[in-house]
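Summary of structural features
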Amino acid sequence: MGEGVRNEEEPREPSQAGGMGTLWSQEVSGSPWKGAGHGQWCGWTAIQVLGLLLCFSVLLFYIFQNCGPRPCETSVCLDLRDHYLASGNTSVAPCTDFFGFACGRVKGTYNSFQELARNSWYSGSGEEKAFQFYNSCMDTRAIEAAGTGPLRQVIEELGGWRISGNWTSLNFNRTLRLLMSQYGHFPFFRAYLGPLILHTPVIQIDQPEFDVPLKQDQEQKTYAQIFREYLTYLNQLGTLLGGDPNKVQEHAFRSLIITSRLFQFLRPLEQRRAQGKLFQMVTIDQLKEIAPAIDWLSCLQATFTPMSLSPSQSLVVHDVEYLKNMSQLVEEMLLKQRDFLQSHMILGLVGTLSPALDSQFQKARRKLSQKLRELTEQPPMPARPRWMKCVEKTGTFFEPTLAALFVREAFDPSTRSAAMELFTAIRDALITRLRKLPWMNEETQNMAQDKVAQLQVEMGASEWALKPELARQEYRDIQLGPNFLQSVLSCVRSLQARIVQSFLQPCPQHRWKVSPWEVNAYYSISDHVVVFPAGLLQPRSSTLATPAVNFGAAGSIMAHELLHIFYQLLLPGGCPACDTHALQEALLCLKRHYAAFPLPKRTSFNDSLTFLENAADVGGLAIALQAYSKRLLWHRETALPRLDLSPSRSSSSYAQVMCREPSPQESYDTHSPPHLRVHGPLSSTPAFARYFRCARGTLLSPSSRCQLW
């Protein structure tokens, strides 16, 4: 069958006629006519037969007229219809570019958070503080009016710096302690709480995260260019803060020298793994001997309050040699160049705080980012709208309250029940499909079905995240104002205290990796749980509106995540009991299938990284359509009013999930670009080609199709 095994199990196009024919045959089979023999017709007159046929014709017309898709007139359906009409571009040929056909006029991203922000909340409540913070983030006029004043105040609290002429002799460990505990900034190393074994939290000391995108194997020319661009950026920061240009130049250069030397101390992860030194358990006292320049007990105690630390406290150190060299460098500079060390720490803090500053700092940061991406041969990043950044920040600082609020307002019990019903249908379709895969033997099929049966499902939000005491907290330690920067800093301190407090409590079996209002579902291998956040199941993201839309959008995502349970089977040697030849043929077919699609300009992706996601995309849509076809046997369909989106086009709703403005692919991205995520699965769906009458051999109607899942 060409490049692979043709999919003989693809669901037939669930057209109105086909669906009603099935219902009609079921009604007849249960009628009084059942069992009547052919010979019984012989005594009937021609007029009786014609009369009966006429009655049948009238009845059949009535059934087809009244049992077709009912228009859905709810506000959700009307909003969804308007969204589909606004995002699509019908001038594009669907058989050659369905992404353009469905998504050609997409603008921006739906903001369900803004809908919540319009409500009024109880005075002094956590909800009120959350939306006060969001509104202050959106108030760019006030941020511009404050200018550099709030940041200058922060610098003065840290002792000032030489470039502004207001300078207090550096108390290094006092400044470092303040940076770590009050500003969340770690200039020489990272210190964080994280689980090590069996979810047990422990303080970990790791290598720093440099703002400059340096690499161990970087070419000298590229290294020098990056150095120059970052030097220009640091000069801008110092000048914006009123520094003397000559002093700014010197202090910015010295800061980069410090960064360069610290970078040279790093040892790559692969090297540490080869040496068997990924991490080492030490006490605070032992750490003091390794890196004596740092007052470890004082700095860590301030950072991880309310934990009670002592010199005998055990820590995890990820790179002992780095800490030794870092400490020696700090001691050298404290003897001869204390003011440069102070400037280095403050310039790093200014970079960290730049998202909370006025447009001059934002502009300098964007320009640096664009230059660095050019030098590292990465496509430019599109500018994100202000509201999106503010939603992200508000969600970071007020997640417990907003999680409960979002689920209460946007994911009521009926929506959750519909989502669980949809998931059950998808899961059952997957189990049915597993039994028919040609490359799986019976033993592997049984194992796969057991894995699906044992899977945990979390829908909407985790029970742990919605505990009443978390939802009702008032964030008394957060003081909003008098300016946005001070609000951010107060939230940073509050968040750090809550993180520490949460690690001191009994740890849930599974911690969610996404917020409930996000649209990213995922499967956790370690906990064997699949997570579908409430934001994914909203009308404008995947939607729970009509069944045709539900199965094509939310259903395909659910099936996609379920298939990740079995990703190891697709890896070399991952399924020794399988029919290796059949499996390899199917894998090769899918790789060739995706390789045949042309890429838009300035789009690139790593096909070796995206293959497993491509396989889940194709299989997920096929499973969702199979589940939808089964539903049509027993349920009457609804359709969006005055929109050509009948049940036979449930695959079209799949494309809407991927509709977004193009963005550059990162080198580590495991997903294909959106247009490939649309074209790959839909071109593997015969019903799609039939509905749009795509000529055989066109891009979305290939002469042969693959069956992996």
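Residues numbered from 1 in each chain as written. Predicted model: local features only at pLDDT ≥ 70, side-chain atom pairs only at ≥ 80, totals over all residues. Heavy atoms only, no water.

For the chain, the name recorded in an unreviewed UniProt entry is Kell blood group glycoprotein, with Macaca fascicularis as its organism. Taken directly from UniProt, the Cofactor (unreviewed entry) text for the chain runs: "Zn(2+)". (UniProt positions renumbered as here; feature names shortened; annotations may be inferred.)

With that out of the way, let us pick up the overall build of the chain. When you go through the chain residue by residue, the secondary structure sums to 28 helices and eleven strands. Taking the contacts inside the chain whose residues are at least 6 apart along the sequence as the reference set, 76% of them involve residues at least 24 apart. As displayed, the chain offers around 34600 Å² of accessible surface, 53% of which is attributable to carbon and sulfur atoms. (Helix = DSSP H or I, 4+ residues; strand = E, 2+ residues; numbered from the N terminus. Contact = heavy atoms within 4.5 Å. Areas by Shrake-Rupley, 256 points an atom, 1.4 Å probe, with all protein chains shown as cover.)

Locating Gln-132 in the fold gives a position in helix α6 (residues 126–138). It is 9.9 Å that separates the C-alpha atoms of Gln-132 and Gly-481, two residues lying 349 residues apart in sequence.

Before going further, it helps to spend a moment on α6. For α6, spanning 13 residues, the distance from its first C-alpha to its last is 19 Å, which sits close to the expected 18 Å at 1.5 Å a residue. All of the buried residues in α6 are Gly-126, Glu-127, Lys-129, Ala-130, Phe-131, Phe-133, Tyr-134 and Cys-137. (Expected span 1.5 Å × (residues − 1). Buried < 20%, exposed > 50% of the residue type's maximum accessible area, 1.4 Å probe, protein only.)

Looking now at the state of the cysteines. Counting across every chain of the model gives four disulfides. Note on cysteine connectivity: Cys-137 is disulfide-linked to Cys-390, with sulfurs 2.1 Å apart. Looking down the S-S bond of the Cys-137 and Cys-390 bridge, the torsion is -80°, so its handedness is left-handed. Placement of Cys-137 in helix α6 and of Cys-390 in helix α18 (residues 386–410) is noted, with a sequence separation of 253 residues between them. (Disulfide = S-S within 2.5 Å.)

This part takes up the pattern of salt bridges. In the structure shown here, the tally under the stated rule is eleven salt bridges. Here Asp-211 makes a salt bridge to Arg-365, at a shortest N to O gap of 2.6 Å. Placement of Asp-211 in the loop between β5 (201–206) and α10 (220–240) and of Arg-365 in helix α17 (residues 359–375) is noted, with a sequence separation of 154 residues between them. Assessed through its relative accessible area of 37%, Asp-211 is described here as partly exposed. (Salt bridge = Lys/Arg side-chain N within 4 Å of Asp/Glu carboxyl O.)

This brings us to the side chain of His-564. Tracing the backbone through its elements, the reader meets His-564 in the loop between α23 (547–563) and α24 (580–595). For His-564, the residues in contact, after removing those within four places along its chain, are Tyr-523, Leu-612, Glu-613 and Ala-616.

Moving on, we come to a positive patch on the surface. Where like charges cluster on the molecular surface, the positive patch consists of Lys-363, Arg-366, Lys-367 and Lys-371. Examined against the element boundaries, Lys-363 turns out to sit in helix α17. Residue classification places Lys-363 among the exposed positions, given a relative accessible area of 58%. (Patch = residues over 30% accessible without salt bridge, like charges linked within 9 Å, V, L, I, M, F, W, Y side chains within 5 Å. Lys, Arg positive; Asp, Glu negative; His and termini not counted. Charge placed at Lys NZ, Arg CZ, Asp CG, Glu CD.)

Low-pLDDT stretches of the model should not have their predicted coordinates read in fine detail. With 77% of its residues at a pLDDT of 70 or more, the chain has an overall mean of 79. Between the elements of the chain, mean pLDDT differs from a low of 28, seen in helix α1 (residues 16–29), to a high of 96, seen in helix α14 (residues 296–303). Confidence drops under pLDDT 50 across residues 1–67; counting only partners more than four residues distant or on other chains, this segment forms 72 contacts. (pLDDT = per-residue confidence, 0-100.)

Moving on: the nonpolar core. Ranked by internal contacts, the top residues of the largest apolar core, which has 159 residues, are Phe-189, Ile-205, Leu-300, Leu-323, Trp-439 and Trp-709. Viewed by domain, this core spans two of them, domain 1 (71–107 + 411–465 + 512–692) and domain 2 (187–356), each represented by three or more residues. Beyond its immediate sequence surroundings of up to four residues, Leu-300 is in contact with Met-180, Ala-191, Ile-203, Ile-205, Ile-284, Leu-309 and Leu-315. Grouped together as the second largest cluster of nonpolar side chains are 22 residues, Ala-102, Leu-621, Tyr-654 and Leu-700 included. (Core = buried A, V, L, I, M, F, W, Y, C linked by side-chain atoms within 4.5 Å. Domains from an automatic or database assignment.)

Turning our eyes to something else, we now look at the packing of aromatic side chains. What the rule picks out here adds up to 20 aromatic pairs. Arranged with centres 5.5 Å apart and planes meeting at 90°, the rings of Phe-133 and Phe-397 form a pair that is edge-to-face. Of this pair, Phe-133 sits in helix α6 while Phe-397 is found in helix α18, placing the two residues 264 residues apart along the sequence. For Phe-133, a relative accessible area of 0% gives the class buried. Overall, Phe-397 belongs to the buried group, its relative accessible area being 3%. Between the aromatic rings of Phe-227 and Phe-253, the centroid separation amounts to 6.1 Å while the plane-to-plane angle is 75°, which identifies the pairing as edge-to-face. (Phe/Tyr/Trp six-rings, centres within 6.5 Å; stacked < 30°, edge-to-face > 60°.)

Gly-555 marks where α23 bends most, by close to 40°. With 17 of 17 residues buried, α23 lies mostly within the body of the structure. (Bend = angle between axes of the 7 residues up to and from the residue.)

Attention now moves to the side chain of Thr-259. You can see Thr-259 is positioned in helix α11 (residues 245–265). Not counting chain neighbours up to four residues away, the residues in contact with Thr-259 comprise Phe-210, Val-212 and His-344.

This next bit is on the sheet that holds strand β8 (residues 456–460). Taken in spatial order, the three strands make up an open sheet running β8-β10-β9, and their pairing is mixed. One side of each edge strand has no neighbouring strand; the edge strands of this open sheet are β8 and β9 (522–524). In this sheet, adjacent strand axes meet at a mean angle of 20° when their direction is disregarded. Sheet topology note: the β8/strand β10 (residues 529–533) ladder contains five bridges and is parallel. Considered in β10, the bridge of Gln-456 is made with Val-529. Of the strands in this sheet, β8, β9 and β10 are in contact with α23, which crosses β10 at around 155°. (Pairing = 2+ DSSP bridges. Axes fitted to C-alpha atoms, helices over the stretch in contact; angles between N-to-C directions.)

Turning our attention to the environment of Thr-175. Here Thr-175 shows up in helix α9 (residues 172–182). Spatially, the C-alpha atoms of Thr-175 and Met-345 are 8.6 Å apart, while their sequence positions differ by 170 residues. Excluding anything up to four places from it in sequence, Thr-175 contacts Leu-158, Leu-170, Gln-342 and Met-345.

To continue, consider the sheet that holds strand β6 (residues 280–283). Taken in spatial order, the four strands of this open sheet run β4-β5-β7-β6, and their pairing is mixed. Of all the strands in the sheet, just β4 (190–195) and β6 have a single pairing partner and so form its edges. Ignoring strand direction, the axes of neighbouring strands in this sheet form an average angle of 40°. The pairing of β4 with β5 spans six bridges and is classified as antiparallel. Directly across from Tyr-192, in β5, lies its bridge partner Gln-204.

Following both chains from N to C, one finds α6 and α18 inclined at 170°, their axes separated by 9 Å at the closest point. It follows from the interaxial angle that α6 and α18 lie roughly antiparallel. Contacts from Gly-126, Glu-127, Lys-129, Ala-130, Phe-131, Phe-133, Tyr-134, Cys-137 and Met-138 of α6 reach α18 at Arg-386, Trp-387, Cys-390, Val-391, Lys-393, Thr-394, Phe-397, Phe-398, Thr-401, Leu-402, Leu-405 and Arg-408. Each residue belonging to the contact of α6 with α18 can be placed in one class, and the counts come to 13 nonpolar, three polar and five charged. (Parallel < 35°, antiparallel > 145°, perpendicular 65-115°, else oblique. Nonpolar A, V, L, I, M, F, W, Y, C, P; charged D, E, K, R; others polar.)

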